[in-house]
Every structure is written in C-alpha cells, then in structure tokens.
Amino acid sequence: MTKHISETPATQFLRKHGAVFSEHPYAYEEHGGTTVSARALGVDEHHVVKTLVMQDEAARPLIILMHGDRKVSTKNLARQIGCKSVEPCKPEVANRHSGYLIGGTSPFATRKALPVYMEESILALQKIYINGGRRGYLIGMAPQSVADLLQAKAVQCALDE
C-alpha cells in the first residue's frame, strides 16, 4: 500500500507528458539540503540534484540543475551561457519566479518559463532524484528524460563542495 501523495504542479506536468518517475517522500529538515534527503532515501548525494534559481546581470532568471554534493561556479556558468555574471536569486525572488518554496523548488512547471541548464555530468547517471515540487518530496527519474522535458542545455560548472 503506497501512501497517497498529493499532486504538485510538477507531478501534474510530468503525468501530462507521460514521464516515468518514482516518488520519494521524506522528512524535510530546514536547511538540511541534499545531505538530509540523500540520507533519508539511502542514495548517494551525488545523485540528488538541486534546482537552483539564479539570475544574470540583467536580473533575468534561470535554473541550474546541480549535483547535491557540488556547488555552481557562477563564473563558469556565466561564461558558458554568454552572460557577464550569474548569481543566486534571493529566496523571495526565487519563489516568485518558480512558484515554489525554497527547499521545494522543482524545475518542472515553474510559474514563469525559465531557461534550464544542467551540469553535464548529471547525464551520465542512471537515475537522479530531483525535487517534485514540495519540501520533503523527491522524484526519481532518468536524467535524459529530465533534460528532454525541460529542454535543458548541458553546461560544465560544477565545483567540489
């Protein structure tokens, strides 16, 4: 018997597009990040993918998908996407762009259509765990299907945490 998990805009989007995904609820911890979710799911933190809302020098928002155990080199990202600079959005700004709360940001079905960039090495993994649109809720998917659904562009901007 599986526990019923209420739909989020992200899961509605995925079902509408016939995406194959598994659902993984866990006990959310404030500021616990991917360390907590990886431990709760019993998976390598490298396979848990963060959805980060950032902005360029003109305050145009974008999403970068990054391994849970890596940071984004904003310099490398900016250079690869042809911007002068990239920086994380303030939480309230990120919430406004994505329509999700920080800690529950999914790259699927964001309030505004945002360009999505994905750390290239994520594509080498067999399965990733990415936020399903709510705190304490990850979905497991093949990274290529995430990239295809989001029309994500591969970039190389990972730094060791």
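Throughout what follows, the structure given in this document is the object of discussion.

Definitions and limits used
- Residues numbered from 1 in each chain as written.
- Predicted model: local features only at pLDDT ≥ 70, side-chain atom pairs only at ≥ 80, totals over all residues.
- Heavy atoms only, no water.
- Helix = DSSP H or I, 4+ residues; strand = E, 2+ residues; numbered from the N terminus.
- Rg over C-alpha atoms; globule rule 2.2 N^0.38 Å.
- Buried < 20%, exposed > 50% of the residue type's maximum accessible area, 1.4 Å probe, protein only.
- Contact = heavy atoms within 4.5 Å.
- Lys, Arg positive; Asp, Glu negative; His and termini not counted.
- Charge placed at Lys NZ, Arg CZ, Asp CG, Glu CD.

### Observations concerning the overall build of the protein
Okay, so step 1: When its secondary structure is counted, the protein shows 5 helices and 10 strands.
Okay, so step 2: Whereas a compact globule of 161 residues would reach a radius of gyration of roughly 15 Å, the protein reaches 15 Å, a difference of no more than 12%.
Okay, so step 3: Expressed as lengths along the three principal axes of its C-alpha atoms, the size of the protein is roughly 50 × 30 × 30 Å.
Okay, so step 4: Among the 161 residues that make up the protein, the fraction classed as buried is 48%.
Okay, so step 5: Taking the intrachain contacts of the protein between residues at least 6 apart in sequence as the baseline, contacts between residues at least 24 apart amount to 63%.
Okay, so step 6: Treating the 19 positive side-chain charges of the protein as one cloud and the 16 negative ones as another, the clouds have centres 6 Å apart.

### So, helix 2 (residues 33-41)
Okay, so step 1: Of all the residues in helix 2, the buried ones are T34, V36, S37, A38 and L41.
Okay, so step 2: Residue G42 follows helix 2 closely and has a positive phi angle near 70 degrees.

### Brief notes about the side chain of T11
Okay, so step 1: Mapped onto the elements, T11 comes out in helix 1 (residues 9-16).
Okay, so step 2: Not counting residues within four places of it along the chain, the set of residues in contact with T11 comprises F21, G132 and Y137.

### Details of the side chain of T105
Okay, so step 1: Tracing the backbone through its elements, the reader meets T105 in the loop between helix 4 (91-98) and strand 6 (116-119).
Okay, so step 2: According to the relative accessible area criterion, T105 is buried, its value standing at 7%.
Okay, so step 3: In this structure T105 touches T51, V53, S98, Y100 and N131, once residues within four positions along its chain are discounted.

### Notes on unusual backbone geometry
Among all residues except glycine, the phi angle is most often negative; among peptide bonds, the trans geometry is most common.
Okay, so step 1: Positive phi is not limited to glycine here, since H31 has a value of about 60 degrees.
Okay, so step 2: For H31, the position within the fold is in the loop between strand 1 (22-25) and helix 2.
Okay, so step 3: If you check the backbone angles, A109 has positive phi at about 55 degrees while not being a glycine.
Okay, so step 4: Tracing the backbone through its elements, the reader meets A109 in the loop between helix 4 and strand 6.

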